[in-house]
Amino acid sequence: MQSLPAMHTLLNAPCFAQGYDRAVLKVLANAMLAECRQNQRAYADLAQWCTQLQARYHALLAPPFKKVYNATGVLLSTNLGRAPLETNALRELEILSGYVDLEVDLERATRFERAFQAQNLLKVLFNSPDALILNNNASALVLVASVFAPKAKRKQTLLSYGQLVEIGGGFRAHELLESVTNLKLVGSTNKTYVRDYKNACSDCSALIASVHWSNFSMEGFVASVPPKSLFSLAQERGLIFYEDLGSVQSLEHAQKALKHAHLLSFSADKLLGSVQAGIVLGDRAHIEALRAHPLYRAFRVDKITLFLLTKTLQDYVQGRKTPIEIFLAQDRDALLNKALKLHRALSALEGLKCFVIPTQARIGGGVEGGVLESFGVQIQAKIEAKTLYHALYARGVAGVVRAKGVVLDVYALFERDMDAVARIVQDTLEMPV
Ligand SMILES: *Cc1c(COP(=O)(O)O)cnc(C)c1O
């Protein structure tokens, strides 16, 4: 192994003479030196050490996010930030460059609950007696089970084997539940009956939980218990019935579900089309119990979330569509026109074969709803499909590899972005790697 440079040699290299914070450089350089010692290798010369150190320094200062053009045909993808947000609301966020009345009543000069307005909007929109806003829906699972069936008090939560679901990124709702409650699994993978829940009930049982399936369905020899029956059973036995909806298809859908549950929860950044947050709905006493638990302090939202969520809910009151709703309202003609527009921009490019094809888009994000008929532009260049896919991805165009080409599904592409996508395809063809 080549010898490693001394710290002062690195830090005093001419390239770091200006515009670098020495303390930061030193931490980065130390990490590089440690890595080299561990891996028994070293960079060839001082110039390479400097280039690598510079790259790590600049990576720290890169913009937090890069723009992605979502041509995957999946509307809600946790990896891509789920729901796009409304432009005007984001502009108004500027008010946060100063102080705001987050927790004060200006007229009375007294302290005030931070989420009051957003909660009121939720109560009105969902016709719910009370509402609570948390960081995400995962927090809702943890908080509900912590309050109503805590492990520390040997309380049990009943959950069907058919609802042991992995949603994405290794996330499993039942594992969250298990961290705070004793899970009593009932039924079987494909079939669960009311009698399974009844037989499982004991003095320890306190909560019946129902977790919505993610992106999968079961067919054939299957049976599950409708929420209505679980709610009745819970009432009969003095238990709480809580439904994790995952997302809401519509306000009506959640309103209906609320009729048969003590509590329900969903993510605000799935079909509601807002920022990441967890919404819990239910009656006063149960929501109040959640609000009174110390964990609520750990799960409550900050002013940025609250501002943007409130703006989305106000859009619902005023009948203004969220970006997600606008996508979902696209009909066949609109989608075909988008595909033709993209095709027009792409067919001008040299060395590219492209044609419009019908595709099947999906909502994604653990939301049911089957396939969405859509269109895409399949592109084929001289380079291999996988190489093209990666080269596009690296420039922020996320498509799908299909047969010999890459498909750019237009479902979740904004009309305004078609030319930008075509330009990136052009750049990619000129310099694939
Ligand atoms: C997405 C999802 C969650 C997790 O929601 P987050 O807001 O991402 O924490 C929980 N349960 C179900 C059924 C989901 O679909």
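Because the structure is a prediction, the values reported are computed rather than measured. (Residues numbered from 1 in each chain as written. Predicted model: local features only at pLDDT ≥ 70, side-chain atom pairs only at ≥ 80, totals over all residues. Heavy atoms only, no water.)

1. What to know about the domain arrangement of the chain
Interfaces are often sized by the accessible area lost when the parts come together.
Thought 1: One can read the domain layout of the chain as domain 1 (7-60), domain 2 (69-79 + 327-430) and domain 3 (87-320).
Thought 2: The centre of domain 2, based on its C-alpha atoms, is set 34 Å off from the matching centre of domain 3. (Domains from an automatic or database assignment.)

2. Considering the pattern of salt bridges
Thought 1: All told, the structure shown has 14 salt bridges when counted by the stated rule.
Thought 2: Where aspartate 269 meets arginine 82, a salt bridge forms, and the shortest distance between an N and an O atom there is 3.0 Å. Pair noted here: aspartate 269 is in the loop between strand 12 (263-267) and strand 13 (278-282) and arginine 82 is in the loop between strand 2 (74-76) and helix 4 (87-92), with a separation of 187 residues, a long-range link.
Thought 3: Accessibility expressed as a relative area gives 6% for aspartate 269, which makes it buried.
Thought 4: Accessibility expressed as a relative area gives 19% for arginine 82, which makes it buried.
Thought 5: Arginine 172 is paired through a salt bridge with glutamate 175; the nearest N and O atoms lie 2.9 Å apart.
Thought 6: Note on arginine 172: relative accessible area 34%, which makes it partly exposed. (Salt bridge = Lys/Arg side-chain N within 4 Å of Asp/Glu carboxyl O. Helix = DSSP H or I, 4+ residues; strand = E, 2+ residues; numbered from the N terminus. Buried < 20%, exposed > 50% of the residue type's maximum accessible area, 1.4 Å probe, protein only.)

3. Brief notes about empty space enclosed by the protein
Thought 1: Scanning all chains against the criterion turns up 2 cavities of 30 Å³ or more.
Thought 2: One number sums up the size of the largest cavity: a volume of about 70 Å³.
Thought 3: Around the largest cavity, the lining residues are Pro84, Leu85, Glu86, Ala89, Gly273, Leu308, Lys311, Thr312, Asp315, Thr322 and Pro323.
Thought 4: The element that contributes the greatest number of residues to the lining of the largest cavity is helix 13 (residues 303-317), accounting for 4 residues.
Thought 5: Among the residues making up the lining of the largest cavity, the classes are represented as 5 nonpolar, 3 polar and 3 charged. (1 Å grid on protein atoms, 1.4 Å probe; cavity = no way out; pocket = protein on both sides within 12 Å on 5 of 7 lines; lining within 4 Å. Points joined across faces, edges and corners; volume = space filled by probe spheres on them. Nonpolar A, V, L, I, M, F, W, Y, C, P; charged D, E, K, R; others polar.)

4. Brief notes about the site of the ligand
Thought 1: Around the ligand there are 12 residues in total, and Arg82, Ala138, Asp244, Ser267 and Lys270 lie nearest to it.
Thought 2: Aspartate 244 places a side-chain nitrogen or oxygen 2.6 Å from a nitrogen atom of the ligand.
Thought 3: Considering the ligand on its own, with 380 Å² of exposed area, one finds that the protein chains cover 94% of that surface.
Thought 4: Those elements that provide at least two residues to the shell around the ligand are helix 6 (137-148) and strand 11 (240-246). (Near = heavy atom within 4 Å. Polar contact = N/O pair within 3.5 Å; in protein donor to acceptor, adjacent residues only side chain to side chain. Areas by Shrake-Rupley, 256 points an atom, 1.4 Å probe, with all protein chains shown as cover.)

5. Comments concerning the packing of helix 6 against helix 11 (residues 284-292)
Thought 1: Where helix 6 meets helix 11, the axes come as close as 9 Å, and the angle between the chain directions of the two elements is 100°. Between helix 6 and helix 11, the angle falls in the class roughly perpendicular. Together, Leu143, Val144, Val147 and Phe148 of helix 6 and His286, Ala289 and Leu290 of helix 11 make up the contact between the two elements.
Thought 2: Grouping the amino acids of the contact of helix 6 with helix 11 by side-chain chemistry returns 6 nonpolar, 1 polar and no charged. (Axes fitted to C-alpha atoms, helices over the stretch in contact; angles between N-to-C directions. Parallel < 35°, antiparallel > 145°, perpendicular 65-115°, else oblique. Contact = heavy atoms within 4.5 Å.)

6. Brief notes about the nonpolar core
In globular proteins that are soluble, nonpolar side chains generally tend to be buried together.
Thought 1: If you look at the biggest cluster of nonpolar residues, it comprises 38 residues, and the most contacted ones within it are Leu342, Leu346, Ile379, Leu408 and Val425.
Thought 2: Elements supplying a minimum of two residues to this core: strand 2, helix 14 (323-328), helix 15 (332-347), strand 14 (353-364), strand 15 (367-380), helix 16 (385-394), strand 18 (405-409) and helix 17 (418-430).
Thought 3: With 6 residues, helix 17 is the largest single contributor of residues to this core.
Thought 4: Sequence-distant contacts of isoleucine 379, that is, excluding residues within four places in its chain, are made with Leu346, Leu352, Lys353, Cys354, Leu388, Leu392, Gly405, Val406, Leu408 and Val425. (Core = buried A, V, L, I, M, F, W, Y, C linked by side-chain atoms within 4.5 Å.)

7. Overview of unusual backbone geometry
Thought 1: Even without being glycine, glutamine 40 reaches a positive phi, approximately 55°.
Thought 2: Locating glutamine 40 in the fold gives a position in the loop between helix 2 (22-39) and helix 3 (46-60).
Thought 3: You can call glutamine 40 exposed: its relative accessible area is 60%.

8. Quick word on the sheet that holds strand 6 (residues 156-160)
Thought 1: Spatially, the 7 strands line up as an open sheet ordered 5-13-12-11-10-6-9, and their pairing is mixed. Strands at the two margins of the open sheet, each flanked by one partner only, are strand 5 (130-134) and strand 9 (182-186). Strand-to-strand twist in this sheet, taken as the mean axis angle between neighbours without regard to direction, amounts to 25°.
Thought 2: Judged from the 5 bridges that link them, strand 6 and strand 9 form a sheet pairing that is parallel. Residue pairing in the sheet places threonine 157 in a bridge with leucine 183 of strand 9.
Thought 3: Helix-sheet contacts for helix 11 involve strand 5, strand 11, strand 12 and strand 13, and the interaxial angle to strand 5 is about 25°. (Pairing = 2+ DSSP bridges.)

9. As for helix 10 (residues 251-259)
Residue pairs spaced three or four apart in an α-helix point in one direction, given the helix's 3.6 residues per turn.
Thought 1: Taken together, the buried positions of helix 10 are occupied by Leu251, Ala254, Ala257 and Leu258. Along the axis of helix 10, the buried residues cluster in a sector spanning 130°; they form a single face. Exposed residues pointing more than 90 degrees away from the buried face of helix 10 are listed as Glu252, Lys256 and Lys259.
Thought 2: Buried residues along helix 10 sit against helix 5 (116-126), strand 11, strand 12, strand 13 and helix 13. (Arc of directions from axis to C-beta.)

10. Focus: the packing of aromatic side chains
Thought 1: Under the counting rule described, the total for this entry stands at 7 aromatic pairs.
Thought 2: Ring centres 5.0 Å apart and planes at 90° place the aromatic pair phenylalanine 16 and tyrosine 20 in the edge-to-face group. This pair shows no difference in class: phenylalanine 16 is buried, exactly as tyrosine 20 is.
Thought 3: Aromatic ring contacts, followed pair by pair, group Phe16, Tyr20 and Tyr57 into a single cluster.
Thought 4: Between the NZ or CZ atom of arginine 41 and the centre of the ring of tyrosine 43, over which it lies, the distance is 5.6 Å.
Thought 5: The ring centre of phenylalanine 221 lies 3.7 Å from the NZ or CZ of lysine 191, which sits over that ring. (Phe/Tyr/Trp six-rings, centres within 6.5 Å; stacked < 30°, edge-to-face > 60°. Lys NZ or Arg CZ within 6 Å of the ring centre and 35° of its normal.)

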